[in-house]
Amino acid sequence: ASSFARMFVQVCLYFYCKCLWRCLKFVVRKLTGRCELQRICYNTKPGAARTMKIEASLKGSKSKRLQSSVSVHPDAIEKTIDDIMELKRINPDINPQLGVSLQACLLQIVGYRNLIAEVEKLRREPYDSENPQHEEMLLKLWKCLKPDSPLKARISKQWCEIGFQGDDPKTDFRGMGLLGLYNLVYFAEWDTEIAQQVLSDSLQPKYSQFSKAEWEKKKFDKAIGYSFAIVGINITDLAYNLLVSGALKTHFYNVAPEAPTLTHFQQTFCYLMHEFHKFWVEEDPLDIMEFNRVREKFHKRILKQLQNPEMALCPHFAASESLINL
């Protein structure tokens, strides 16, 4: 009986708050002469803060047309803006900037949804050693990371030198499919110097020249190594979960002026790889069995950073400079 009473009270409170909120919105519109979308666009600066408020407003609308506007095809965004303006009885001639602001927000919102679909498709596609494109990418990864050490055979113990578990890397991509390979190749190709340095450091962190002065200052003399490629696939999983959970909206809405792309996601992976490597050394784990603990702590740190609506995971590597647009 008591649980039923609590449930009844919660339901009553929910409907009361919902009705109260709608009444409040109605009163504010009458007082200001502006709907909620107008108030957000005029009172909130561009970026994640504005886009996330617009997204919440559209999803929470009682109008099915407004609710569906966050999932339209990119080609239909202009017409969707016209429909929103008509539905809200907003004169576009008097409010020209509103249409521009709404379009930018919808491009980001729709783009984020499409990016999840694109990333998911790559994650679900298994590595196929019979596919020439897959094999070419794998060999490219080796050439970028070990340009001075030719691969003696496709099936070789040499793969362990870049952090795979056995003679044939294809078995290591099972968890993240092609997405893991795509990310590793992007890192190795576009941030070659840092990728090679992180690889070298991952083999023997305590002898690393990476940020040497800082490491000596903190006396990281016990730092142990890890498997570069395996960790890369693991960090791909971390980036994927940040994306799917919506946590990366803050970052992407701040750095992508329009729709976030796969390139933005891959650059985020590069940033996470770079930061995780530094974090691993700072944590100074006793052995590789502490990997999950360190990874979870790193994950929580990134999540906390992304709770700030003004946060952008500003990568400090060459491949990202052209796309950072704050």
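Treat the numbers as computed from the prediction; the structure is a model and nothing was measured. (Residues numbered from 1 in each chain as written. Predicted model: local features only at pLDDT ≥ 70, side-chain atom pairs only at ≥ 80, totals over all residues. Heavy atoms only, no water.)

**Some words on the overall build of the protein chain**
Looking only at helices and strands, one finds 14 helices and zero strands in the protein chain. Reading the helices (α) and strands (β) of the protein chain from amino to carboxyl end gives α-α-α-α-α-α-α-α-α-α-α-α-α-α. Taking the contacts inside the protein chain whose residues are at least 6 apart along the sequence as the reference set, 67% of them involve residues at least 24 apart. By element, 55% of the accessible surface of the protein chain is carried by carbon and sulfur atoms, the whole surface being about 17,800 Å². (Helix = DSSP H or I, 4+ residues; strand = E, 2+ residues; numbered from the N terminus. Contact = heavy atoms within 4.5 Å. Areas by Shrake-Rupley, 256 points an atom, 1.4 Å probe, with all protein chains shown as cover.)

**Section: the pattern of salt bridges**
Scanning all chains against the criterion turns up 17 salt bridges. Asp-83 is the salt-bridge partner of Lys-79, the closest N and O atoms lying 3.2 Å from each other. With Lys-79 and Asp-83 both in helix H5 (residues 77-87) and four residues apart, the pair spans about one turn of that helix. For Lys-79, a relative accessible area of 54% gives the class exposed. Among the residues examined, Asp-83 registers a relative accessible area of 24% and is labelled partly exposed. In this structure, the salt-bridge partner of Arg-295 is Asp-237, at a minimum N-O distance of 2.9 Å. (Salt bridge = Lys/Arg side-chain N within 4 Å of Asp/Glu carboxyl O. Buried < 20%, exposed > 50% of the residue type's maximum accessible area, 1.4 Å probe, protein only.)

**Comments concerning the confidence of the model for the protein chain**
Here the protein chain averages 86 in pLDDT, and 83% of its residues register 70 or above. Between the elements of the protein chain, mean pLDDT differs from a low of 53, seen in helix H10 (residues 212-218), to a high of 98, seen in helix H11 (residues 228-245). Here residues 27-31 is a poorly scored stretch, pLDDT under 50, and it has seven contacts once near neighbours within four places are set aside; other chains count. Across residues 315-326, confidence stays below pLDDT 50; counting only partners more than four residues off in sequence or on other chains, it has 31 contacts. (pLDDT = per-residue confidence, 0-100.)

**What to know about helix H9 (residues 192-203)**
When the terminal C-alpha atoms of H9 are compared, their 17 Å separation across twelve residues agrees well with the 16 Å that a helix rising 1.5 Å per residue should span. When H9 is considered as a whole, its buried residues turn out to be Ala-195, Val-198, Leu-199, Asp-201 and Ser-202. Relative to the axis of H9, the buried residues are bounded by an arc of 165° and lie together on one face. Buried-residue contacts for H9 involve helix H7 (132-145), helix H8 (177-190), H11 and helix H13 (262-283). (Expected span 1.5 Å × (residues − 1). Arc of directions from axis to C-beta.)

**Looking at unusual backbone geometry**
In this model, Arg-89 sits at a positive phi of 55°, which is unusual for a non-glycine residue. Take Arg-89: it is sitting in the loop between H5 and helix H6 (96-124). Unusually for a residue other than glycine, Asp-284 sits at a positive phi of about 50°. Position of Asp-284 relative to the elements: it lies in the loop between H13 and helix H14 (291-306).

**Quick notes on the packing of aromatic side chains**
What the rule picks out here adds up to 16 aromatic pairs. Seen from their ring centres, Phe-276 and Phe-291 are 5.6 Å apart, and the 65° between their planes marks the pair as edge-to-face. In this pair, Phe-276 is assigned in helix H13 and Phe-291 in helix H14, connecting sequence segments 15 residues apart. Assigned by exposure class, Phe-276 and Phe-291 land together as buried. Between Trp-280 and Phe-291, the ring centres sit 6.0 Å apart and the planes meet at 45°, which makes this aromatic pair tilted. Highlighted residues: Trp-280 in helix H13 and Phe-291 in helix H14, separated in sequence by eleven residues. (Phe/Tyr/Trp six-rings, centres within 6.5 Å; stacked < 30°, edge-to-face > 60°.)

**Concerning the packing of H5 against H6**
The contact between H5 and H6 brings their axes to 10 Å, and the two run at 125°. Judged by the angle between their axes, H5 and H6 are oblique. Where H5 crosses over H6, the two elements pack in a sense that is right-handed. Only Leu-98, Gly-99, Leu-102, Gln-103, Leu-106, Leu-107 and Val-110 of H6 make contact with H5, whose side of the interface consists of Ile-77, Glu-78, Thr-80, Ile-81, Ile-84 and Met-85. Here the contact of H5 with H6 is built from residues that sort into nine nonpolar, three polar and one charged. (Axes fitted to C-alpha atoms, helices over the stretch in contact; angles between N-to-C directions. Parallel < 35°, antiparallel > 145°, perpendicular 65-115°, else oblique. Left-handed = near helix turned anticlockwise from the far one by under 90°. Nonpolar A, V, L, I, M, F, W, Y, C, P; charged D, E, K, R; others polar.)

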